[in-house]
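Reading the structure
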Amino acid sequence: MERKTLTCICCPIGCTIEAELEGNHVLSVRGNSCPRGEKYAKSELSNPVRTLTSTVGLTGSATGAAVAPVRSAREIPKGKMLDCMKELSRVSVAAPVHIGDIALKNAAGTGVDIVITRDMQ
Amino acid sequence: MKQYDIAIIGAGPAGLAAAAAAYDAGAKNIIIIEREDAPGGILNQCIHAGFGLHTFNEELTGPEYAARFIARVKERGIDMLLSTMVLSIARDKTITAMNRTQGVFTIQPKAVVLCMGCRERSRGALNIPGFRPAGIYSAGTAQKLVNIMGYMPGREVVILGSGDIGLIMARRMTLEGAHVKLVAELMPYSGGLKRNIVQCLDDFDIPLMLSHTVVDIHGRERVEGVTIAEVGADLKPIAGTEEYYPCDTLLLSCGLIPENELSRGMGVGIHPVTGGPMVNESLETDIEGVFSAGNALHVHDLVDYVSEEAAAAGRNAAQFALAGNANEVCTQRICIELSGGIRYAVPSAIAPDRIQSSLTIRMRVGSVMKNKRLNVIINGEKIISRPRPVMAPGEMEQVVIMKDMLDKYAKVESILITTEDM
């Protein structure tokens, strides 16, 4: 059995939650002051996910912009963020680009695409 | 000289929302003036997610949130002057502006909405000793370099101030390969959102040193390191706690200040606490027909509230412009009184008979307070009492007073907003 401490992000109170877990299975949660804390701790400890945002190179822009902003189309496993960044560092797209255009398919084997977040000429 | 119903200064989230709402309220002849070459304001460099949860019920990035409001402005065919700098606004609302194609020119609107946003507190305002080497940036400048221009400002980074932009940049620089050594915060609490502390610092094992500050910057040509010291309850450095951290970059995230050179220039009264114009229930300044919203009025933490506030300012500006100058003269004006640790409220004074359906009052507390109630007291009678388990300076509070609550009183003598123990 393992013990982990985390800060709840559901509201400004920021409860310190102590959890006991067996592998990825959460056995007990303590310190939360509402049910949202328990839900947060369980998902955060069993499968932490994040939306990744970054930029990719942009070529041929009429405005001279050198980069275009991107995001993961869905949340990706937290541990995969740096792997995705490594792949993104080699990605470049040609202007014009539009919100939702795919900049990188299946980033770092997550099954999630990285998409453009700004219309750029 | 061109005539307009409304001129809006700034095409950030406030200006865009004000323009669309003013148009929908009947003012069709609107101009937005923006100094950058694209609309969207600071949202364009805020490429992280977390915008629009209240407005759209989904998590958008800054550019995506801006795009929705840019679309609203374009659908309505509202004029936008980009790459145009407003030089001054006269008290009679004559706007002098300049750009590369038209040179210097003037615009005569019936109403003005001031949506210039805010600026970051600079090193000069922080009084940190040391030389002036390269490598010291405000967090927002670093954000622009990385996210818009594609440059990395440095490799070994120390961040002073735990405002949200500083936290966001700690993550952004780390993802781009920099080593962020620590975030130092003068106060015993962070000025940023909990979520940002967890997802921007804890995720990457970046330490947050509360009650610490930078007391010296080393290096003549380029930053070579900083000295960090603990501060006492008086916020003064404690001798003997100094520690040296080598680094090549120092980012400053030490607060935002509403940008109001234009407002001051035209004689608008500025609130001593917010740094923004003093406004009434209509978000109108002390010059009739001149309104303000967004971070130029007071610094917000969520863009959703900027949009909401600016839409209200836009509607009120439309009403003023369409009614000519025959706005009904208010009979009575009351200052909103504050106590119990509330630092400021916007609006600061209101005319109760001019409130249309409801009045939203936005405010901030001066320190972290637990287990309180936030109360609104009219003529000595408690009409709203909301439990607030935690209030913090970094999180804006708001109360909505409905018109029928006010209509119960033959005459509103006083409005007090205060806190009490739960």
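Just so it is clear, the model here is predicted, and its values are computed rather than measured. (Residues numbered from 1 in each chain as written. Chains lettered and ligands numbered in written order. Predicted model: local features only at pLDDT ≥ 70, side-chain atom pairs only at ≥ 80, totals over all residues. Heavy atoms only, no water.)

**Re the overall build of chain A**
- The number of helices and strands found in chain A is 2 helices and 10 strands.
- What you see in chain A, going N to C, is helices and strands ordered as β-β-β-α-β-β-β-β-α-β-β-β.
- Taking 14 Å as the expected radius of gyration for a compact globule of 121 residues, we find that chain A reaches 19 Å, considerably beyond that expectation.
- Taking the principal axes of its C-alpha atoms as reference, chain A extends roughly 55 × 30 × 15 Å. (Helix = DSSP H or I, 4+ residues; strand = E, 2+ residues; numbered from the N terminus. Rg over C-alpha atoms; globule rule 2.2 N^0.38 Å.)

**Quick look at the packing of helix H5 (residues 139-149) of chain B against helix H6 (residues 164-175) of chain B**
All names here are of chain B.
- Look at H5 against H6: their axes get within 9 Å of each other, and the N-to-C directions meet at 35°. When the axes of H5 and H6 are compared, the crossing they make is left-handed. Between H5, through Ala139, Gly140, Ala142, Gln143, Val146 and Asn147, and H6, the contact on the second element is made entirely by Ile165, Gly166, Ile168, Met169, Arg172 and Met173.
- For the contact of H5 with H6, a count of residues per class yields 7 nonpolar, 4 polar and 1 charged. (Axes fitted to C-alpha atoms, helices over the stretch in contact; angles between N-to-C directions. Left-handed = near helix turned anticlockwise from the far one by under 90°. Contact = heavy atoms within 4.5 Å. Nonpolar A, V, L, I, M, F, W, Y, C, P; charged D, E, K, R; others polar.)

**Concerning helix H7 (residues 194-201) of chain B**
- Burial analysis of H7 of chain B places 6 of its 8 residues in the buried class, the great majority of the element.
- Turning to H7 of chain B, its buried residues are Asn196, Ile197, Val198, Gln199, Cys200 and Leu201 of chain B.
- For H7 of chain B, the elements touching its buried residues are strand S1 (2-7), helix H1 (35-46) and strand S4 (49-50) of chain A together with H6, strand S12 (179-185) and strand S13 (208-210) of chain B. (Buried < 20%, exposed > 50% of the residue type's maximum accessible area, 1.4 Å probe, protein only.)

**Things to note about empty space enclosed by the protein**
- With the rule as written, the count across this model stands at 1 cavity of 30 Å³ or more.
- Approximately 60 Å³ is the volume found for the largest cavity.
- Around the largest cavity sit Thr53 of chain A together with Ile47, His48, Gln143, Asn147, Ile168, Arg171, Arg172 and Leu175 of chain B, which together line it.
- Within the residue set of the lining of the largest cavity, elements represented by two or more residues are H5 and H6 of chain B.
- At 4 residues, H6 of chain B tops the list of elements feeding residues into the lining of the largest cavity.
- Among the residues making up the lining of the largest cavity, the classes are represented as 3 nonpolar, 4 polar and 2 charged. (1 Å grid on protein atoms, 1.4 Å probe; cavity = no way out; pocket = protein on both sides within 12 Å on 5 of 7 lines; lining within 4 Å. Points joined across faces, edges and corners; volume = space filled by probe spheres on them.)

**With respect to the pattern of salt bridges**
- What the rule picks out here adds up to 27 salt bridges over all chains.
- The salt bridge partner of aspartate 203 of chain B is arginine 50 of chain A, with a shortest N-O separation of 2.5 Å. Of this pair, aspartate 203 of chain B sits in the loop between H7 and S13 while arginine 50 of chain A sits in strand S4, placing the two residues on different chains.
- Its relative accessible area of 15% is what places aspartate 203 of chain B among the buried residues.
- Where glutamate 259 of chain B meets arginine 119 of chain B, a salt bridge forms, and the shortest distance between an N and an O atom there is 3.2 Å. Of this pair, glutamate 259 of chain B sits in the loop between strand S18 (256-258) and helix H8 (261-266) while arginine 119 of chain B is found in strand S9 (residues 118-120), placing the two residues 140 residues apart along the sequence. (Salt bridge = Lys/Arg side-chain N within 4 Å of Asp/Glu carboxyl O.)

**Considering the sheet that holds strand S3 (residues 25-30) of chain A**
Residue and element names in this part refer to chain A.
- Sheet architecture is open: 3 strands sit in the order S1-S2-S3, paired in antiparallel fashion. The sheet is open, and its two borders are formed by S1 and S3, each paired with just one other strand. Each strand of the sheet is rotated relative to its neighbour by a mean of 30°, with strand direction disregarded.
- The pairing of strand S2 (residues 16-22) with S3 spans 5 bridges and is classified as antiparallel. (Pairing = 2+ DSSP bridges.)

**Topic: the interface of chain A and chain B**
- In this complex, chain A contributes 25 residues to the contact, which on the side of chain B involves 29 residues.
- Overall, the association of chain A and chain B removes approximately 2300 Å² of surface from exposure, summing both partners, and the carbon and sulfur fraction of that is 61%.
- Our count for the contact surface shared by chain A and chain B stands at 3 salt bridges.
- Linking glutamate 64 of chain B and arginine 71 of chain A is a salt bridge whose minimum nitrogen-to-oxygen distance equals 2.7 Å.
- Breaking the side of chain A that touches chain B down by element, the ones donating at least two residues are strand S5 (53-59), strand S6 (67-72) and helix H2 (81-88) of chain A.
- Residues belonging to the side of chain A that touches chain B are distributed by class as follows: 14 nonpolar, 7 polar and 4 charged. (Buried area = accessible area lost by both parts, 1.4 Å probe.)

**Some words on the sheet that holds strand S15 (residues 225-230) of chain B**
All names here are of chain B.
- The 3 strands are arranged S14-S15-S16 in an open sheet whose pairing can be described as antiparallel. The sheet is open, and its two edges are formed by strand S14 (212-218) and strand S16 (243-246), each paired on a single side. Between one strand axis and the next, the sheet turns through 30° on average, direction left out of account.
- Where S15 and S16 come together, 4 bridges link them in antiparallel fashion. Considered in S16, the bridge of isoleucine 228 is made with glutamate 243.

**A word on the nonpolar core**
- Core analysis: the largest hydrophobic core is formed by 43 residues, its most contacted members being Leu52, Val56, Leu58, Leu88, Val93 and Ile116 of chain A together with Met173 of chain B.
- Discounting residues that sit within four places of it in the chain, valine 56 of chain A has contacts with Ala66, Val67, Ala68, Val70, Leu88, Val91, Val93 and Ile116 of chain A.
- Grouped together as the second largest cluster of nonpolar side chains are 42 residues, Leu16, Phe69, Val73 and Ile78 of chain B included. (Core = buried A, V, L, I, M, F, W, Y, C linked by side-chain atoms within 4.5 Å.)

Spatial relationships are all this shows, so hold off on functional conclusions.
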